[in-house]
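# Examining the three-dimensional arrangement
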Amino acid sequence: MWEDFYELIAQQDKRDREGLIEMRVLLEKVIEEDMKKEKESACPAYRESEEKECESTVFTNMETEEIEKNKRWRAKMGETYFYVGSDAVVYSTKELYGNRNDRYWDVGNYFRTSEEALRYSSELIIMFQERTLDK
């Protein structure tokens, strides 16, 4: 009697594990498709090639009056990058090509290393402490 009971439990456990594996595979496919759609729609120019170097707009260097192209680094999908939060603290996150990642990159709040982000964080603090627009 107990042997039958243990056999039923073992069979149910096997079915549960197989079901969980199937659910995980389906979930991974859905996530992958969603990420692909978001990636394609967020910024097609940057999404077509997943290069680390992205070419930004042409601008004029006011000191030398020369036209330059500014190449900026962008992490590949799943790689870590750093940004400065509104509290001037440096945070790290993963590149998912989502709206938040695009916003940080678009405004230049997107750094390869925490040290680089920390330098900008320090400059922001000084700028806010010495602000003159409200005087």
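Higher on the page you've got the structure.
Keep in mind the model is a prediction, meaning the values are calculated, not measured. Residue numbers restart at each chain and count upward from 1, following the sequence in its written direction. Per-residue local features are limited, in this predicted model, to residues with pLDDT of at least 70; the limit for side-chain atom pairs, both in listing and counting, is 80 or more; totals at the level of whole chains, interfaces and linings are taken over all residues. Only heavy atoms go into the side-chain values, all of them from the structure, while hydrogens and water stay out.

### Considering a nonpolar patch on the surface
Basically, it comes down to this: A patch consists of residues whose relative accessible area exceeds 30% and which take part in no salt bridge; residues with like charges are grouped when within 9 Å of each other, and nonpolar side chains (Val, Leu, Ile, Met, Phe, Trp, Tyr) when within 5 Å. For accessible areas, the Shrake-Rupley method is used with a probe of radius 1.4 Å. Any residue's cover is judged against the shown protein chains and nothing else. The working definition used for a salt bridge is a side-chain nitrogen of Lys or Arg within 4 Å of a carboxyl oxygen of Asp or Glu. Counting from the N terminus, the helices are DSSP H or I runs at least four residues long and the strands are E runs at least two residues long.
The grouping of Trp2, Tyr6 and Ile9 at the surface amounts to a nonpolar patch, some 400 Å² of accessible area in total. Inspection of the secondary structure assignment puts Ile9 in helix α1 (residues 2-42).

### With respect to the pattern of salt bridges
Spelled out, the test is: A 1.4 Å probe rolled over the protein chains alone gives each residue an accessible area, and that area as a share of the maximum for its type sets the label: buried under 20%, exposed over 50%, partly exposed in between.
Using the criterion set out here, one finds two salt bridges in the structure. Across the pair Arg74 and Glu95 runs a salt bridge, and its minimum N-O distance is 3.0 Å. Residue Arg74 is located in the loop between β2 (66-73) and β3 (80-84), and its partner Glu95 is located in the loop between β4 (90-94) and α3 (99-107); the two are separated by 21 residues in the primary sequence. Of the two residues, Arg74 and Glu95, both sit in the buried class. Across the salt bridge formed by Arg74 and Asp102, the nearest N and O atoms sit 2.6 Å from each other. Taken as a pair, Arg74 in the loop between β2 and β3 and Asp102 in helix α3 lie far apart in primary sequence, 28 residues in all. Here the two residues Arg74 and Asp102 agree in accessibility, since each one is buried. Residues joined by salt bridges that share partners form a network here, namely Arg74, Glu95 and Asp102.

### A closer look at the packing of aromatic side chains
Heads up, the condition is: Side-chain rings of Phe, Tyr and Trp, where Trp is taken by its six-membered ring, are said to pair if the distance between their centres is within 6.5 Å; with planes under 30 degrees apart they count as stacked, over 60 as edge-to-face, and otherwise as tilted.
Following the criterion strictly, the structure yields six aromatic pairs and no others. Measuring from ring centre to ring centre gives 5.7 Å for Trp73 and Tyr110, while their planes differ by 50 degrees; the resulting arrangement is tilted. Of this pair, Trp73 sits in strand β2 while Tyr110 sits in the loop between α3 and α4 (114-129); the two residues are 37 residues apart in sequence, bridging distant segments of the chain. For the residue pair Trp73 and Tyr110, the accessibility class agrees, reading buried in each case.

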